[in-house]
Amino acid sequence: VVDLVDETVKVKDFNELKAIVRELAEAQKRTEQRVEELAIAQKKTEQKIEEFAQAEKRTEQRVEELAIAQKKTEEEVRKLTIGLNLTRSELGGLSRTMSYAFENEAFRVLPKILKERFNIEIKERFVREEIGGKEINIFARGRKNGADVIILGESKLRLGEKREIDEVFQEIEKKVEAVKREYKNIEIVKLLITHYATKTALKKAKQKDIIVIQSFEW
């Protein structure tokens, strides 16, 4: 009986051992599977890191290309700015030349027009003058109704937009103030010559007591 019991115990222990071995084998298998999964994940991570590295490299290359393009653009803008400034300077010079030519033509016809239409007789020829730090484009001494007057004028090739109108009239008033400080107790006749003035400009000039003479009236 004792031997039978011992045999039974041995069988039970063997079966338990086999079960433990199976569990260990399964655990080992799961461990190996997990290790393999980790290895695959590691490989994927390394691949992703490589992709990121390549993407970063491409980004850096693109940034460098953009920096070069930006530099070229800035250089082109600089050249365009220089060209634009030169064009503006040339246009400004052309505009001044046209204004001076227009004023020179007006100098020859204004005495007659002022005499016939406004009873203003010019005593001295029209000139350009600087008074009180202001450039007076049209300046002359004259007489009106037996009294001495000063004719002070501006030229504008075209007087159309409200902003232009306001700027020109404001400039005339500033020049009038400068002349008044220099020539006291003498009437100043305000004059504006132009190729064309809108009805709005003419109306505002009348309100400010400014004589407007357009070139077609010559």
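Structural data are supplied above this passage.
Everything numeric in this text was worked out from a predicted model, so none of it was measured.

*Asks:* I keep staring at the side chain of E103 and nothing clicks. Help me out?
*Replies:* Checked against the element boundaries, E103 lands in helix α1 (residues 2–118). Aside from chain neighbours lying at most four places away, what touches E103 is R128, N137, S155 and I193.

*Asks:* Before we go on, may I ask you to explain the packing of aromatic side chains in this structure?
*Replies:* Any aromatic ring pair is given by two values, namely how distant the centres are and how the planes are angled relative to each other. A complete count under the given rule lists three aromatic pairs for this structure. Note on F102 and W218: the rings are 5.5 Å apart at their centroids and 25° apart in plane angle, and the pair reads as stacked. Placement of F102 in helix α1 and of W218 in the segment after β6 (210–214) is noted, with a sequence separation of 116 residues between them. Assessed through its relative accessible area of 5%, F102 is described here as buried. Among the residues examined, W218 registers a relative accessible area of 33% and is labelled partly exposed.

*Asks:* Just checking my understanding: could you explain the pattern of salt bridges for this structure?
*Replies:* Between side chains of opposite charge, a pair can form when the charged atoms approach closely. One pass over the full model with this rule turns up 14 salt bridges. A salt bridge links E65 to R62, with the shortest nitrogen-to-oxygen separation between them at 3.3 Å. Here E65 and its partner R62 are both found in helix α1, three residues apart, which amounts to about one turn of the helix. Overall, E65 belongs to the partly exposed group, its relative accessible area being 37%. Ionic contacts of the salt-bridge type, sharing partners, join the residues K123, R143 and D148 into one network.

*Asks:* What should I look at first to understand the side chain of K190 in this one?
*Replies:* With respect to the helices and strands, K190 occurs in strand β5 (residues 187–197). With relative accessibility at 13%, the residue K190 sits in the buried group. In terms of polar contacts, K190 uses its side chain to reach the backbone carbonyl oxygen of K208, at 2.8 Å. Setting aside anything within four residues of it in sequence, one finds K190 in contact with L152, I172, E173, V176, K208, D209, I210 and I211.

*Asks:* What is the right way to read the environment of V168 from this model?
*Replies:* Looking at the secondary structure, you find V168 in helix α2 (residues 162–182). Since its relative accessible area comes to 10%, V168 is described here as buried. Separated by 24 residues in sequence, V168 and L192 have C-alpha atoms that sit 9.0 Å apart. Once residues lying within four places of it in the same chain are set aside, the contact partners of V168 are K156, L159 and L192.

*Asks:* How should the pairing of strand β2 (residues 127–131) be read in this particular structure?
*Replies:* Along any regular strand the residues' side chains alternate between the sheet's two faces. Where β2 meets strand β3 (residues 134–144), four bridges bridge the pair, whose relative direction is antiparallel. Residue pairing in the sheet places I131 in a bridge with K134 of β3. Linking β2 to β3, which pair antiparallel, is a turn of two residues; within it G132 sits at a positive phi near 60°.

*Asks:* When you look at a negative patch on the surface in this model, what are you seeing that I'm missing?
*Replies:* Where like charges cluster on the molecular surface, the negative patch consists of E129, E130, E135 and E182. Note on placement: E135 falls in strand β3. A residue is classified by how much of its surface remains accessible, and E135, at 42% relative accessible area, is partly exposed.

*Asks:* How should the pairing of β3 be read in this particular structure?
*Replies:* Relative to β3, strand β1 (residues 120–122) is paired through three bridges, and the arrangement is antiparallel. Opposite E121, over in β3, you have R143 as the bridge partner. Pairing analysis gives seven bridges linking β3 to strand β4 (residues 147–159), with the strands arranged antiparallel. The partner of R143 across the bridge, within β4, is D148. Linking β3 back to β4 in an antiparallel pair, the connection comprises two residues, with N145 at a positive phi of about 55°.

What counts, and where the lines are drawn
- For every chain, the first residue of the written sequence is number 1, and numbering continues from 1 along that sequence.
- A pLDDT threshold of at least 70 governs which residues receive local features in this predicted model, and a stricter bar of 80 or more applies before side-chain atom pairs are shown or counted, although totals over entire chains, interfaces and linings include all residues.
- The basis for the side-chain values is all heavy atoms of the structure; hydrogens and waters are excluded.
- In DSSP terms, a helix is any run of H or I states spanning at least four residues, a strand is any run of E spanning at least two, and both are numbered starting from the N terminus.
- Note on definitions: a residue-residue contact is assigned when non-hydrogen atoms from the two residues lie within 4.5 Å.
- Geometry of aromatic contacts follows a simple scheme: Phe, Tyr and Trp rings, the Trp one being its six-membered ring, pair when their centres are within 6.5 Å, and the pair is stacked under 30 degrees between planes, edge-to-face over 60, tilted otherwise.
- Accessibility here uses a 1.4 Å probe with only protein chains present; expressed as a share of the type maximum, an area under 20% marks a residue as buried, one over 50% as exposed, and anything in between as partly exposed.
- Within this document, salt bridges are pairs made up of a side-chain nitrogen of Lys or Arg and a carboxyl oxygen of Asp or Glu, the two lying within 4 Å of each other.
- Here a polar contact is recorded for every N or O atom pair within 3.5 Å, except that within protein the pair must consist of a potential hydrogen donor and a potential acceptor, and residues adjacent in sequence are included only if both atoms are side-chain atoms.
- Strands are labelled as partners when DSSP assigns at least two bridges between them.
- A residue counts toward a patch only above 30% relative accessible area and without a salt bridge, and it is joined to like-charged neighbours within 9 Å or, for Val, Leu, Ile, Met, Phe, Trp and Tyr, to nonpolar neighbours within 5 Å.
- Using the Shrake-Rupley algorithm and a 1.4 Å probe, accessible areas are obtained, with residue cover drawn only from the displayed protein chains.
- For the charge count, each Lys or Arg is scored as positive and each Asp or Glu as negative, with His and the chain ends excluded.
- Working definition for charges: the position is that of NZ of Lys, CZ of Arg, CG of Asp or CD of Glu.

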